[in-house]
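So you can see what is in the structure, the chains are spelled out below.
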Amino acid sequence: MNTRQTTLALATLLFLAPPAQAIEFNQFQPAKSSLSFVSKQMNVPVDGRFRSFRSKLAFDPAKPAAAKAELEIDLASIDAGSKEANDEVAGKPWFNTREFPVAKFVSTTVKPLGSNRYELAGKMSIKGKTLDLVAPLTVTQEGNSASFDGALVFKRADYGIGDGVWADFGTVANEVQIKFRIVATAAK
Amino acid sequence: MNSPARLPSTYTHTAIALHWLIAFALVGTFGLGLYMHELPLSPQKLKLYSWHKWAGVTIFLFVILRLVWRLGHRPPALPVLMPAWQRLAAEATHVLLYVLMFAVPLSGWLMSSAKGFQTVWFGVLPLPDLLSKDTELGDLLQQVHMILNFSMAGLVLAHLGAALKHHVLDRDDILSRMLPFLGKPGTGASK
C-alpha cells in the first residue's frame, strides 16, 4: 500500500464511515414541537393543546438506554377548545394552575423495541401527584435534527383533574388522547 | 263549482301530525337554546348543548320528510273570500317558514363545526364538519343562527296570530283544518 492509497483509505474512513463520536440530540426546538390532546365531551371529540412547554433531553441513537428526557408544561397555556373551557380548566376542580402551574415529566428508562421504536417510562407530576407513565416513542432522525413522536391514553381522574361536578365521566370522558412531538437538534 | 273545490278540504293526518310535532319541537328547542347559552360552563350545560343539537338534527330530518309530503299532497284551498294581499302574505309566510326550518338547524350545525365542536347525533353518529375550526367564523355564524331564530320566532307569532284571527274574527276553517277537533267555527261545536 503506497502513501497515496493510505491517504485515500484514511479519507474514506474519516468522511464516509459513520462518525465514531456519537451524535447526541439535546437542543429542544419549541417551535417545531407540539403537545396536543383530544378530550371527549358528550362523546364529541374536542381538540386541544398546550402552547408552552420546555424539554431537556439527551438522546444518542447509539446508546438509547442512556437517554434522558424531562418535560415541563405550563398548564395555563392550555387551549381546551374554547375560551370558556380554558377559563374553566384553570380552576380548582381541574388543573388548579394557581397552586400547580407546571406539570413535569422525568424519564426513568428508555427501552429499545427494535428499529426506531422505543418505550419511554417515567414519572409524571400533576397537581401535586406523581405517577408512573409509559409511552411508546418513535424517533425519526433527519440530519442534525430528530423528532420524538408518541401517543398515549391519559386518565384525568388519576390526577384528580376534573373533580366535583365534573367527576362524572358521562359528560367529560376520563380518557384523554395525548399526542406529542418533541424535536431536538444535536449540539454542534 | 270552480277549481278550488277540487282541492282537499282538510290536511292529511300525516301533514297535521308533522305540523304539530315540528311546531312543539321547534318551540322547545328554541327555548332550550335561549336558556342554555347564558349558563356558566358546567356538565349540565354540555348536556343541554348536546340535547339541543340532537333535537336540531332530528327536526331537520322531520322537516325533510314534511317537505316531501307537502310536495306530494296539496294543502286545502284558502277561503274564497280571502283578499289577495292576505293570500300573498300567507303564501310568503309559509315559504319563509319552510326556508327557516332548514336554515336554522343548518346554521347551528355550521356554527358548531366552526367553533370546533362536532355534532354527534345522540352521542353515536358523528356528522361531518362542513367547516374547519375558525373562531371568528364561529362567532359570525352564532349571530346568523340567532338572527334566523328570532326571524323564525317572529314569523311563527305572525302565523299563530293569523290563524287565531281567522278562527275568532273571520270564523273560517283555517285553524280547524289543522286542528280538526275544533270543528267548523261557522257551524259551532254544539251541532
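Undergrad: Any chance you could explain the overall build of chain B here in plain terms?
TA: Across its full length, chain B holds 4 helices and 2 strands. Each helix (α) and strand (β) of chain B, taken in turn from the N terminus, gives the series α-α-α-β-β-α. Its C-alpha atoms give chain B principal-axis dimensions of about 60 × 30 × 30 Å. With 191 residues in all, chain B has 19% of them scored as buried. Sequence separation of at least 24 residues holds for 63% of the intrachain contacts in chain B that already meet a minimum separation of 6.

Undergrad: How do you make sense of the overall build of chain A when you look at a structure like this?
TA: Summing up its helical and strand segments, chain A has 2 helices and 11 strands in all. Taken from the N to the C terminus, the helices and strands of chain A come in the order α-β-β-β-β-β-β-α-β-β-β-β-β. Taking all 188 residues of chain A together, the buried fraction comes to 26%. Long-range pairs, those at least 24 residues apart, make up 54% of the contacts in chain A with a sequence separation of at least 6.

Undergrad: I keep staring at the pairing of strand E8 (residues 117-126) of chain A and nothing clicks. Help me out?
TA: Consecutive side chains of a regular strand alternate in pointing toward one face of the sheet and then the other. Residue and element names in this part refer to chain A. Summarising the sheet, strand E7 (residues 102-112) and E8 pair through 8 bridges and their orientation is antiparallel. Counterpart to Phe105 in the pairing with E8 is Met124. Hairpin connection, E7 to E8: the antiparallel pair is bridged by 4 residues, and Gly114 has positive phi, about 100°. In this sheet, strand E9 (residues 129-142) lies alongside E8 in antiparallel orientation, the contact comprising 10 bridges. Looking across to E9, one finds that Tyr118 is bridged to Leu137. Counted along the chain from E8 to the antiparallel partner E9, the turn is 2 residues long, and its residue Lys127 has a positive phi close to 55°.

Undergrad: How do you make sense of the nonpolar core when you look at a structure like this?
TA: If you look at the biggest cluster of nonpolar residues, it comprises 36 residues, and the most contacted ones within it are Ile73, Val89, Leu137 and Ala146 of chain A. For this core, the leading source of residues is strand E11 (residues 175-186) of chain A, giving 5 residues. When residues no more than four places from it in sequence are discounted, the contact partners of Ala146 of chain A are Phe25, Phe59, Val139, Thr140, Gln141 and Ala184 of chain A. Residues Ile59, Leu100, Met101 and Val104 of chain B belong to the second largest nonpolar core, which totals 7 residues.

Undergrad: What's the story with the environment of Thr97 of chain A in this structure? I'm lost.
TA: Residue and element names in this part refer to chain A. For Thr97, the position within the fold is in the loop between helix H2 (83-90) and E7. Residue Thr97 is classed as partly exposed on the basis of its 19 C-beta neighbours within 10 Å. The sequence separation of Thr97 and Asn144 amounts to 47 residues, and the corresponding C-alpha distance is 36 Å. For Thr97, the contacting residues outside a window of four places in its chain are Leu75, Ala76 and Ala90.

Undergrad: What's the story with unusual backbone geometry in this structure? I'm lost.
TA: Leave glycine aside and you will find that most residues have negative phi; peptide bonds, for their part, are mostly trans. All names here are of chain A. You will see that Met42, though not glycine, has its phi angle at about 55°, which is positive. Here Met42 lies in the loop between strand E2 (34-41) and strand E3 (44-50). One non-glycine residue, Lys127, lies in the positive phi region at around 55°. Within the secondary structure, Lys127 sits in the loop between E8 and E9.

Undergrad: Explain the interface of chain A and chain B to me, please; I cannot follow it from the model alone.
TA: One widely used convention gives an interface's size as the accessible area the parts lose upon coming together. Every contact between the two is made by 16 residues of chain A and, on the other side, 12 residues of chain B. For the side of chain A that touches chain B, the leading source of residues is E3 of chain A, giving 4 residues. Counted by class, the side of chain A that touches chain B contains 7 nonpolar, 5 polar and 4 charged residues.

Undergrad: Please clarify how the packing of helix H2 (residues 43-72) of chain B against helix H3 (residues 84-115) of chain B should be interpreted in this entry.
TA: The description of two packed helices rests on the angle between their axes and on the distance between the axes. Residue and element names in this part refer to chain B. At their nearest, the axes of H2 and H3 sit 9 Å apart, and the two run at 145° to each other. Handedness of the crossing formed by H2 with H3: left-handed. From H2, Lys53, Gly56, Val57, Ile59, Phe60, Val63 and Leu67 reach across to H3, where they touch Tyr98, Met101, Phe102, Pro105, Gly108 and Ser112. Split into classes, the residues belonging to the contact of H2 with H3 amount to 9 nonpolar, 3 polar and 1 charged.

Undergrad: Got a minute to help me understand the confidence of the model for chain B in this structure?
TA: Detailed reading of the predicted model is not advised wherever pLDDT is low. Residue and element names in this part refer to chain B. Model confidence for chain B is summarised by a mean pLDDT of 91, while 92% of its residues fall at 70 or above. Throughout residues 1-5 the model reports pLDDT below 50, and contacts reaching past four residues in sequence, or to other chains, amount to 2 contacts. Predicted confidence is poor over residues 187-191, with pLDDT under 50, and the contacts of this stretch with residues over four places away or in other chains come to 1 contact. Interface predicted TM-score (ipTM) for the complex: 0.79; the corresponding pTM is 0.85.

Thresholds applied
Residues numbered from 1 in each chain as written. Chains lettered and ligands numbered in written order. Predicted model: local features only at pLDDT ≥ 70, side-chain atom pairs only at ≥ 80, totals over all residues. Helix = DSSP H or I, 4+ residues; strand = E, 2+ residues; numbered from the N terminus. Buried ≥ 20, exposed ≤ 12 C-beta atoms within 10 Å, placed from the backbone. Contact = placed C-beta atoms within 7 Å. Pairing = 2+ DSSP bridges. Core = buried A, V, L, I, M, F, W, Y, C linked by C-beta atoms within 7 Å. Nonpolar A, V, L, I, M, F, W, Y, C, P; charged D, E, K, R; others polar. Axes fitted to C-alpha atoms, helices over the stretch in contact; angles between N-to-C directions. Left-handed = near helix turned anticlockwise from the far one by under 90°. pLDDT = per-residue confidence, 0-100.

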